[in-house]
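Take a look at the letters that make up each chain.
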Amino acid sequence: MVNCLLCNCRLTQKLTISKIIFPGPLKQPLICPECFRKFIHYSLEESCRGCGREERSELCDDCQKWQQYYGWYLEHRPLFHYNQAMKEFMQKYKFQGQYHLRGIFKETIKETITHIEYDILIPIPVTEHTMLTRGFNQVTGLLGDISYTELIIHQNRQKVAQSKKDRQSRLQTKQPFLLKQGVNLKGKTVLLVDDIYTTGRTLYHAANLCYENGSKRVQSLSLAR
Ligand SMILES: [Zn+2]
Ligand SMILES: [Zn+2]
C-alpha cells in the first residue's frame, strides 16, 4: 500500500468498471484528495495578464510599474496560491530537502505546459551556494521529465535577501543572471519556470536577459504566487 506523501494517510485507488475492463497503466496519485484540495488553483478568468493576480483590471498596478520600467511586461502564469498548504509544502520540499515530494505537482505542471507554445524552456537557476547546501534545484525537480535547458546561470555575487529591500531598491537590483556562453536566443520564444513568484523581480531579470539576447517573446510559469 501507498501512503499520502503529505499526511501519510493510506491511499486507496478506486477501481472503476472501465479500469477493470481496460486495465492500462494506473496513475497512482502521490497525495490524498483531502491534501490536494488544500492547494488552490489560480483562476484564468479575471486575472492580470502580467502576473496572474486575480483582479478585474487587465494589468495590475505592479505590472504597470514593470511595464513603465522595462517597456514590456512579463506574461506570467501562476498555478497555485501561496497559501498555508503551499507554504508547508515548500518548507518540506525546499528547505527540509524532501526531494521525493517533487512529483506532487508534476501532472499539473505538465498539463499546463503542453498548452503553452515556446521554443525553449529555461528554469530559474539556484546559486552555487544553494546547490551545495540544498543539493538540488527545486525548479528542475518540479519539472520531472519535461525537457528544459539550463541556459541561465548565476553571476557570482553576494546575495542580499529580497525581503530586506523596499520596492524601489528591489526594482534597481543588479542583474543576478547571465546566459551561458555562446547561447543565441534570436527570434526564440522562451518559457521561464520558477517555483514561487513573489515580487516578480527574479523573473523580470531573467526575462530581460532573454530579450537583450534576441528573444521574440518571454512567458513564465510558477508553481505558486
Ligand atoms: Zn494527505
Ligand atoms: Zn499583475
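Keep in mind that what you see is a predicted model, and the values were worked out from it rather than measured.

**What about the coordination of the zinc ion (ligand 2)?**
Ligation of the zinc ion (ligand 2) by protein atoms is provided by Cys-48 (SG), Cys-51 (SG), Cys-60 (SG) and Cys-63 (SG), these donors lying 2.3 Å from the ion. Geometry at the zinc ion (ligand 2) is tetrahedral, judged from its four donor atoms and the angles of 105 to 115° they form at the metal. The sequence pattern formed by the donor residues of the zinc ion (ligand 2) is C-x2-C-x8-C-x2-C. Taken together, the positions of Cys-48 in the loop between α2 (33–37) and α3 (61–70) and Cys-60 in the loop between α2 and α3 put the pair 12 residues apart, joining distant regions of the chain. You'll find Cys-48 and Cys-60 in the same group, each marked buried.

**Topic: the sheet that holds strand β4 (residues 120–123)**
Strand pairing in a sheet takes place through backbone hydrogen bonds and is either antiparallel or parallel in direction. Strand order in the open sheet formed by four strands is β3-β8-β7-β4, and the pairing between neighbours is parallel. Of all strands in the sheet, those bounded by a partner on one side alone are β3 (75–80) and β4. In this sheet, adjacent strand axes meet at a mean angle of 20° when their direction is disregarded. In this fold helix α5 (residues 106–113) packs onto β3, β4, β7 (189–196) and β8 (217–224), with an angle of close to 150° to the strand it touches most, β3. Against the sheet, helix α9 (residues 201–212) touches β3, β4, β7 and β8, its axis set at about 165° to β7.

**A look at the coordination of the zinc ion (ligand 1)**
Only Cys-4 (SG), Cys-7 (SG), Cys-32 (SG) and Cys-35 (SG) from the protein reach the zinc ion (ligand 1) as donors, at distances of 2.3 to 2.4 Å. Taken together, the four donor atoms coordinating the zinc ion (ligand 1) and their angles of 104 to 117° define a geometry best described as tetrahedral. Positions of the donor residues of the zinc ion (ligand 1) along the chain correspond to the pattern C-x2-C-x24-C-x2-C. We classify Cys-4 as buried; its relative accessible area is 2%.

**So, α3**
Along α3, the residues that are buried comprise Cys-63, Trp-66 and Tyr-70. Taken end-on, α3 shows its buried residues confined to a sector of 55°, consistent with a single buried face. For α3, exposure combined with an orientation more than 90 degrees from the buried face picks out Asp-61 and Gln-68. Of the residues one or two after α3, Gly-71 is the one with positive phi, at around 90°.

**Section: the pairing of β8**
Across the eight residues of β8, seven count as buried, placing the element largely inside the fold. Bridge analysis of β3 against β8 gives five bridges, and the strand direction is parallel. Considered in β8, the bridge of Pro-78 is made with Ser-222. Sheet topology places β7 next to β8; seven bridges connect them, and they run parallel. Counted as the bridge partner of Leu-191 is Gln-219 from β8. As for the winding sense of the linkage, the β-α-β connection from β7 through α9 to β8 is right-handed.

**With respect to the packing of aromatic side chains**
In total, this model carries 15 aromatic pairs according to the counting rule given. An angle of 15° between the planes, with centres 5.4 Å apart, marks the rings of Trp-72 and Tyr-204 as stacked. One end of the pair, Trp-72, is in the loop between α3 and β3; the other, Tyr-204, is in helix α9, with 132 residues separating them in the sequence. On the basis of relative accessibility, which here comes to 16%, the residue Trp-72 falls in the buried class. Summarising the aromatic geometry, the rings of Phe-80 and Phe-105 are spaced 5.1 Å apart at their centres and angled 55° between planes, so their arrangement reads as tilted. One end of the pair, Phe-80, is in strand β3; the other, Phe-105, is in the loop between α4 (84–95) and α5, with 25 residues separating them in the sequence. Neither Phe-80 nor Phe-105 differs from the other in exposure class; each is buried. Among the aromatic residues, those joined into a cluster by ring pairs are Phe-36, Phe-39, Phe-80, Phe-89, Tyr-93, Tyr-99, Phe-105 and Phe-136.

Definitions and limits used
- Each chain carries its own residue numbering, running from 1 in the written order of its sequence.
- In the order they appear in the text, chains get letters beginning with A and ligands get numbers beginning with 1.
- For this predicted model, a pLDDT threshold of at least 70 governs which residues receive local features, and a threshold of 80 or more governs which side-chain atom pairs are given and counted, while totals over whole chains, interfaces and linings are taken from all residues.
- Note that the side-chain values use all heavy atoms of the structure and ignore hydrogens as well as water.
- Keep in mind that water is not among the atoms, so a site may look incomplete; donors are the N, O and S atoms within 2.8 Å of the metal, or 3.2 Å for Na, K and Ca.
- Geometry is assigned from the angles between donors: four donors with all angles from 85 to 135 degrees make a tetrahedral site, four or six donors whose opposite pairs exceed 155 degrees while the rest stay between 65 and 115 make square planar or octahedral sites respectively, and everything else is labelled irregular.
- In DSSP terms, a helix is any run of H or I states spanning at least four residues, a strand is any run of E spanning at least two, and both are numbered starting from the N terminus.
- Each residue is assigned to one of three classes by its accessible area relative to the maximum for its type, calculated with a 1.4 Å probe on protein chains only: buried under 20%, partly exposed between the two thresholds, exposed over 50%.
- For two strands to be treated as a pair, DSSP must find no fewer than two bridges joining them.
- What counts as an axis is a line fitted to C-alpha atoms, over the stretch in contact for a helix, and the angles between N-to-C directions run from 0 to 180 degrees.
- Contacts are residue-level and defined by heavy atoms, with any inter-residue pair within 4.5 Å sufficient.
- Regarding the arc, it is the one traced by the directions from the helix axis to the C-beta atoms.
- A right-handed crossover is one whose linking path, passing over the helix from the first strand to the second, runs clockwise when the strands point away from the viewer.
- Note on ring pairs: Phe, Tyr and Trp rings are taken, using the six-membered ring of Trp, and paired if centres are within 6.5 Å. Classes follow the plane angle, with under 30 degrees stacked, over 60 edge-to-face and the rest tilted.

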